[in-house]
Amino acid sequence: TAPADGVFLAAKIHEVRGLDVGSERHPVRVQVRCAGVSGSTNGSHGRDLRGFSDDSQAALEAMVAAGASLEDAAKSFGCDKDDVLGALSARKPKDAALQKAKEEAMQRRHAAAPQFEEIVQLLIPDTRLLSKPGVSVDLVLVDKTGASIATARVDVTRLISSVARYVEGPFELEGLGSACV
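Bear in mind that the values here come from a model prediction, so they are computed numbers and not experimental data.

Basis of the calculations
- Residues numbered from 1 in each chain as written.
- Predicted model: local features only at pLDDT ≥ 70, side-chain atom pairs only at ≥ 80, totals over all residues.
- Heavy atoms only, no water.
- pLDDT = per-residue confidence, 0-100.
- Helix = DSSP H or I, 4+ residues; strand = E, 2+ residues; numbered from the N terminus.
- Pairing = 2+ DSSP bridges.
- Axes fitted to C-alpha atoms, helices over the stretch in contact; angles between N-to-C directions.
- Phe/Tyr/Trp six-rings, centres within 6.5 Å; stacked < 30°, edge-to-face > 60°.
- Buried < 20%, exposed > 50% of the residue type's maximum accessible area, 1.4 Å probe, protein only.

Draft legend 1. Examining the confidence of the model for the protein chain more closely. Scored by pLDDT, the protein chain has a mean of 86; 97% of the residues are at 70 or more. By mean pLDDT, the top-scoring element of the protein chain is strand 2 (residues 29-34) (95), and the lowest-scoring one is helix 5 (residues 156-161) (80).

In structure tokens:
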């Protein structure tokens, strides 16, 4: 018999939300696996700190200098404490303590919500591979050593039965309480 046509699978990986595995395991990657074929994202990176205009940076600096906590300043500007640290460190690039605090903020962001913004593409060489019972698209979160941290599974029948052949996450990573988006 002649081989069946192949199937192209694309998985757009934005980020992992709610992750708590420790910064020593970063950068992490997401491996996409289906029917014996796999591909992977590059290593993750942290979400950028919010940018502020010079006027807003000066206002944040004045608030904190007047005794406002980082949390209160963040609340006033609709951002988080780490964004405030980024704005303050931009105003004082030679302040070693602020620069260290900013670096720690970036590490926290990276550990809690690693970013990817990548498309992983797979070519499944034979459509018959997808008709076997229990076939899934697995999104496997792996650490910098390649050790598996958690897996999200999407049943291929769910994907095939969707009208647009498209399924949108978030997909829960088993046992972590976090999600791959």
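Draft legend 2. The arrangement of the sheet that holds strand 4 (residues 115-124) in detail. Read from one edge of the open sheet, four strands run 4-1-8-7, paired in antiparallel fashion. With partners counted over all chains shown, the strands left at the sheet margins are strand 4 and strand 7 (171-173), one partner each. Neighbouring strand axes in the sheet, compared pairwise and without regard to direction, differ in orientation by 35° on average. When strand 1 (residues 7-17) meets strand 8 (residues 178-180), the two strands line up antiparallel, connected through two bridges.

Draft legend 3. Expanded view of the packing of aromatic side chains. One pass over the full model with this rule turns up one aromatic pair. When the ring of phenylalanine 52 is compared with that of phenylalanine 77, the centres are 6.1 Å apart and the planes differ by 80°; the resulting orientation is edge-to-face. Linking phenylalanine 52 in the loop between strand 3 (37-40) and helix 1 (54-65) with phenylalanine 77 in helix 2 (residues 70-77), this pair joins segments that are 25 residues apart in sequence. By relative accessible area, which is 23% here, phenylalanine 77 ends up partly exposed.

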